[in-house]
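Topology and contacts: notes
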Amino acid sequence: MFQNFDPSSDRGFAAAHVPLVREAMGELALDGLLVPHDDSYFNEYLPDNAERLMWLSGFSGSAGFAILLKERGAVFSDGRYTLQLKEQVDTAFFELHNSGETSPADWLVDTTPQGAVIGYDPHHFSKKTLAPFLAAAERGGFELRPLDHNPIDQAWRDQPPAPCAPVVIHPEAFSGRSHETKRQLVAEAISSVNADAALLSFPPSLAWIFNIRGGDVHASPLALGRALVFANGGAILYIDHRKMSGQVRDHLGGAVTLADESQLIDDLEAMGRERKAIAIDPDHTPVIFTQSITAAGGRIIEAPDPCSLPRARKTMAELEGSRAAHRRDGAAVTRFLHWFAETAPSGGLTEIEAATKLERFRVETGALLDISFDTISGAGAHGALPHYRVNRDSDARITQGSLYLVDSGGQYRDGTTDITRTLAVGTPSEAMRRCYTLVLKGHIALATARFPAGTTGHQLDSLARLPLWEAGFDYDHGTGHGVGSYLGVHEGPQNISKRAIAQPLLAGMICSNEPGYYRSGEFGIRIENLVIVTEATPIEGGDRPMHGFETITLAPLERELIDVSLLSPQEIAWVDTYHQTVCDTLCPDLPEATARWLQTRTAALV
């Protein structure tokens, strides 16, 4: 099993660990400590040795922040994790706050006396994430002090070692470009901003530019390290030498020098003394590096990560790989849906059993290298928690008359998948059917959208929400995120959400389309497919070419939850066409019994 269902956190962590950290803070003459969820690479999923926030507070969510003072403490997260905060964090040690209502920086100003010294680890903050605390220190009259040593690491006596998985080559047959070509693209971007080099500190960028993958991070095939890429296309890859086989070294060639990561600051300071200009992404570069450059006399040029946009715009090889991965994954998911339809009505199935079975179907493809994230397997009220992660303590039975939400994905050499289906167990209520159909209408509206060049995901987001808004409903997560090519399941710079961003949707980008609805304490609904942004093409009678979306996820929707009376003829036609594509594409790869079942599930709605 790739997914581990053992509880990762413990409500007793705060009682056990807060006194140890306060002792370490005292040795450093600190009055407080800032503890972000981020590690020094700004990974979405953290290696075990980087779970500092969880070790301190017990909170295991992916969006969190803690502040520990001598006699007070607080943990912050957004509205997705309100219930999880209450379950995991001991309020005898930490106040609990919604970061959308009370920011950590504002709380610090309100609670910290003038003259206090608040420590932070400069490896774990970017310029962007540190900025509100610098402003708070100025407002509140306290000192914000960068630390040479993290008090949590000092107190964490059984801290796991840093990961050291082997680096592997990602073949050009899957990437579509050689790493030499990619380095030249990045070199051109470096020259365009008048920099001498760019510091790459985000592991997906290393994976992309060097055509390598690793295993240092759960569910994302990443090798942790850094790189300097120069305006002439040469590079230094700073990485643990133990990860690098002779084959990988040969693959990188003579234009890429290998160095230990501990050498990076010395090299940055040397470039600073030579008054070199170094491009950095202020969102993904720890301030320890920018501080080192400027202190040595170097010049910082803030610019987006030069790998980010070309990584998001997939090559033809990556797009074909993703389509192939989705055909393979769709067959595995459809086998699961058939199994679930036959098994769940008995009432004995649990969330873990369902997630385990789904993973086994993916493993049986013979091509699964990992899951792309921990499966969200939510029965009944658990489905109303958009980022619920089942463990052996929370595992619930899937009961008659309930909805079951399953959001899952796989990592394959040729692509990354992410799919959500909401399933009815027994006869669904009219409220369930109505809400599902409203979500489906929003999903169809986005899937069929046409839009001109320059359109952002923010401008399209309301298309998916409008049917819900008209009924007085909404959902508190984004409608879509970028997806990597055998990389992270969440990828920028594009997204589709209420959050305004400047990045337009461009041909070749892969995004999710996942509107939802969540009724607290009762059920959750989400329908998610991945889509490719298509090239802009003319529309008959129009005068501007328009982009659109190609849906690549293949699995049937839940017929029992569709209220056809709420769908327009065009929406019915979309469902029928999608289902016909699913059936025609997947049936040849399915067992005979599952193929027959799929034919009934994908028949015309009316």
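Residues numbered from 1 in each chain as written. Predicted model: local features only at pLDDT ≥ 70, side-chain atom pairs only at ≥ 80, totals over all residues. Heavy atoms only, no water.

With an unreviewed UniProt entry as reference, the protein chain is termed Metallopeptidase M24 family protein, source organism Parvularcula bermudensis.

1. Structural notes on the overall build of the protein chain
What counts is decided by this rule: The helix and strand labels rest on DSSP assignments: H or I over at least four residues marks a helix, E over at least two residues marks a strand, and numbering proceeds from the N terminus. The classification of residues rests on relative accessible area computed with a 1.4 Å probe and restricted to protein chains. Under 20% of the type maximum is buried, over 50% is exposed, and intermediate values are partly exposed. Contacts were defined at the residue level, with two residues in contact if any of their heavy atoms lie within 4.5 Å. All accessibility values rest on the Shrake-Rupley procedure with a 1.4 Å probe; residue burial counts only the protein chains present in the view.
Within the protein chain one finds 19 helices and 27 strands. Expressed along its principal axes, the backbone C-alpha trace of the protein chain runs to roughly 70 × 55 × 50 Å. Relative to its 606 residues, the protein chain shows a buried fraction of 58%. Sequence-distant contacts, at least 24 apart, represent 71% of the contacts inside the protein chain between residues at least 6 apart. With an accessible surface of roughly 23600 Å², the protein chain has 50% of that area assigned to carbon and sulfur atoms.

2. Describing the pairing of strand β26 (residues 529-533)
Condition: Being paired, for any two strands, means DSSP has found at least two bridges between them.
With five of five residues buried, β26 lies mostly within the body of the structure. Burial of the side chains of β26 extends over both faces: N529, V531 and V533 are buried on one face and L530 and I532 on the other. As defined by bridge partners, strand β23 (residues 510-513) adjoins β26 across four bridges and the pair is classed as antiparallel. Looking across to β26, one finds that C511 is bridged to V531. Pairing between β26 and strand β27 (residues 549-551): three bridges, direction antiparallel. Pairing of V531 across the sheet is with T551, part of β27.

3. Comments concerning helix α4 (residues 104-111)
Across the eight residues that make up α4, a large majority, six, are buried. Along α4, the positions that sit buried rather than exposed are P104, A105, W107, L108, V109 and T111. Looking at the buried positions of α4, the neighbouring elements they touch are β1 (32-36), β2 (65-69), β3 (73-77), β4 (95-98), β5 (117-120) and α5 (127-140).

4. Digging into the UniProt feature "domain: Creatinase N-terminal" (unreviewed entry) in the protein chain
The test is simple: UniProt positions are given in the numbering used here, feature names are shortened, and annotations may be inferred rather than shown by experiment.
What UniProt calls "domain: Creatinase N-terminal" (unreviewed entry) maps, in this numbering, to residues 21-130. As annotated, residues 21-130 comprises 29% helix and 21% strand, and the C-alpha atoms at either end are separated by 21 Å.

5. Digging into the packing of helix α18 (residues 569-586) against helix α19 (residues 592-601)
What counts, and what does not: Comment: axis = line fitted to C-alpha atoms, over the contacting stretch for helices; angle = value between 0 and 180 degrees taken between N-to-C directions. Should an angle fall under 35 degrees it is called roughly parallel, over 145 degrees roughly antiparallel, and 65 to 115 degrees roughly perpendicular, with every other angle called oblique. In a left-handed crossing the near helix is turned counterclockwise from the far helix by less than a right angle, and in a right-handed crossing that turn is clockwise. Any residue that is not Ala, Val, Leu, Ile, Met, Phe, Trp, Tyr, Cys, Pro, Asp, Glu, Lys or Arg is counted as polar, Gly included; the first ten are nonpolar and the last four charged.
The interhelical angle for the contact between α18 and α19, taken along N-to-C directions, is 165°, at an axis separation of 9 Å. It follows from the interaxial angle that α18 and α19 lie roughly antiparallel. Crossing hand, α18 versus α19: left-handed. Where α18 abuts α19, its residues H579, V582, C583 and L586 lie against L598, Q599 and R601. In terms of residue class, the contact of α18 with α19 is built from four nonpolar, two polar and one charged.

6. Some details on the layout of surface pockets
Note the cut-off: Within this scheme a cavity is a closed region of a 1 Å grid, computed over the protein atoms alone, that accommodates a 1.4 Å probe without allowing it to escape, whereas a pocket is open but has protein on both sides within 12 Å along at least five of seven lines; lining residues each have an atom within 4 Å of a point. Grid points are joined across faces, edges and corners, and a volume is the space filled by probe spheres set on the points. Segmentation of the chain into domains, including their bounds, is taken from an automatic or database domain assignment.
One number sums up the size of the second largest pocket: a volume of about 730 Å³. Tallied by class, the residues present in the lining of the second largest pocket amount to eleven nonpolar, seven polar and eleven charged. When we break the lining of the second largest pocket down by domain, the ones giving at least three residues each are domain 1 (11-155) and domain 2 (168-311).

7. A word on the sheet that holds strand β18 (residues 410-412)
The strand order across the open sheet formed by three strands is β15-β18-β19, and the pairing between neighbours is antiparallel. Taken across any chain shown, the strands that pair with only one partner, and hence form the sheet edges, are β15 (368-371) and β19 (415-416). Judged from the two bridges that link them, β18 and β19 form a sheet pairing that is antiparallel. By the bridge assignment, Q411 is partnered in β19 with T416.

8. A short note on the side chain of D374
Rule in force here: Any pair of nitrogen or oxygen atoms within 3.5 Å is treated as a polar contact; in protein, a donor-acceptor pairing is required on top of that, and neighbouring residues in sequence qualify only through side-chain atoms on both sides.
Note that D374 resides in the loop between β15 and β16 (376-379). Side-chain polar atoms of D374 contact the side chain of R389, separated by 2.8 Å. Ignoring sequence-local partners within four residues, the contact set of D374 consists of Q3, H218 and R389.

9. Quick word on the pairing of β4
Pairing geometry for β3 and β4, over four bridges, is parallel. Bridge pairing in β4 places S77 opposite N98.

10. Here's the deal with the packing of aromatic side chains
So the rule is basically this: Only centres within 6.5 Å qualify two rings of Phe, Tyr or Trp (six-membered ring in Trp) as a pair; their planes then separate them into stacked at under 30 degrees, edge-to-face at over 60, and tilted for everything else.
Under the defined criterion, the tally for this structure stands at 14 aromatic pairs. Plain terms: the ring middles of W55 and W156 are 5.3 Å apart, the flat faces sit at 20° to each other, and that makes the pair stacked. Of the two residues, W55 is situated in helix α2 (residues 52-57) and W156 in the loop between α6 (151-155) and β7 (168-169); the sequence distance between them amounts to 101 residues. Neither W55 nor W156 differs from the other in exposure class; each is buried. Geometrically, the ring pair formed by F65 and F133 is stacked, given 5.1 Å between the ring centres and 15° between the ring planes.

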